[in-house]
Amino acid sequence: GGGAGGKRLPVNVCLVIDRSGSMLETTPSGLTRWTALTRAMERVLPVVDRDLWMGLLQYPEPPLASTAACVVTPSVPLPPRAFNTTPMLTAVRATQPVGGTPTFDALSAAARYFANNPQPTRVRGRYIVLATDGQANFCVTCNPLCDLNADATLFVQQIRDAAQIDGIRTFVIGVPGSEGFRAVLSQLADDLAG
C-alpha cells in the first residue's frame with residue numbers, strides 16, 4: 001500500500017477477543033488458553049504498533065461478564081488509533097475469563113462500530129480480527145434458546161452483506177479448543193474477507 005509521496009498508510013484493526021470461561025481451560029502446553037492468547041498478543045502487537053491503528057473488543061463485555069452471560073450493549077472500549085498496544089495489553093492482562101460465548105453479537109458490534117465510524121482518509125483499510133476458542137453458545141441478540149447452526153448460517157449472511165457494504169475484511173484466529181467450530185469460523189473468515 002502507499003499514500004501521498006509513497007508513504008505507507010496504516011490499517012484500522014479491531015481485535016475481537018473471546019474472554020469466555022472456557023478460555024481458562026488448559027492447552028497441551030500446560031498454559032491456559034487465555035495465557036497462550038495473551039502471550040501471543042504480547043509478542044505480536046508491539047511489532048505492528050506503528051503500522052496498525054488498533055482497538056479492542058472483549059466479549060462477553062467485561063462490565064457485564066460477572067452478572068450476565070453475554071454482550072447486551074457491546075462497545076469498543078478502545079477505539080482504533082495509532083500506538084495503542086500498551087493500553088490494549090494492559091486491558092487484556094487485567095481481564096479474567098468468565099461467562100458465555102456470544103461470538104455473533106461481538107462480531108456484529110465490531111462491524112457496527114466500523115459502519116458507524118467512517119474510515120479516516122489516512123487509513124488504507126479496516127479489519128476485524130477474531131480470536132476465539134470455540135463454539136458460540138448464544139445466537140444473535142444473545143438468545144440462548146435457538147438453533148445455533150441455523151443462526152450461524154443467517155449470521156454469516158448478515159455479516160457478509162455488511163462487510164460488502166462497508167469494505168471490512170476479517171481474519172479468524174482459532175485458539176486451541178476451536179476445532180469443533182472450525183467450519184463456521186472458516187466460513188466467517190472466507191465470507192468476511194470479501
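Structure: above.
Residues numbered from 1 in each chain as written. Predicted model: local features only at pLDDT ≥ 70, side-chain atom pairs only at ≥ 80, totals over all residues. Heavy atoms only, no water.

Chemist: I'm lost on the overall build of the protein chain in this one. Help?
Modeler: A tally of regular secondary structure across the protein chain gives 6 helices and 5 strands. Order of helices (α) and strands (β) in the protein chain, N terminus to C terminus: β-α-β-α-β-α-α-β-α-β-α. Each of the 194 residues in the protein chain was classed as buried or not, and the buried ones make up 46%. When the accessible surface of the protein chain is totalled, it reaches about 9,300 Å², and 55% of it is carbon and sulfur. (Helix = DSSP H or I, 4+ residues; strand = E, 2+ residues; numbered from the N terminus. Buried < 20%, exposed > 50% of the residue type's maximum accessible area, 1.4 Å probe, protein only. Areas by Shrake-Rupley, 256 points an atom, 1.4 Å probe, with all protein chains shown as cover.)

Chemist: Explain the nonpolar core here, please?
Modeler: Among the nonpolar cores identified, the biggest contains 19 residues, and Val13, Leu15, Ile17, Leu37, Met41 and Leu45 are the most heavily contacted of them. In this structure leucine 37 touches Ile17, Met23 and Ala131, once residues within four positions along its chain are discounted. By size, the runner-up hydrophobic cluster in this structure holds 13 residues, among which are Cys14, Ala109, Ile128 and Ile168. (Core = buried A, V, L, I, M, F, W, Y, C linked by side-chain atoms within 4.5 Å. Contact = heavy atoms within 4.5 Å.)

Chemist: Just to check I follow, could you spell out the pairing of strand S4 (residues 126-132) for this structure?
Modeler: For a regular strand, side chains alternate in direction, first toward one face of the sheet and then toward the other. Burial runs high along S4: 7 of the 7 residues are buried. Direction of pairing for strand S1 (residues 11-18) relative to S4: parallel, over a ladder of 6 bridges. The residue bridging cysteine 14 from the neighbouring strand is isoleucine 128, located in S4. Here 7 bridges tie S4 to strand S5 (residues 168-174), and the two strands are oriented parallel to one another. Its bridge partner lying in S5, tyrosine 127 is registered against arginine 169. (Pairing = 2+ DSSP bridges.)

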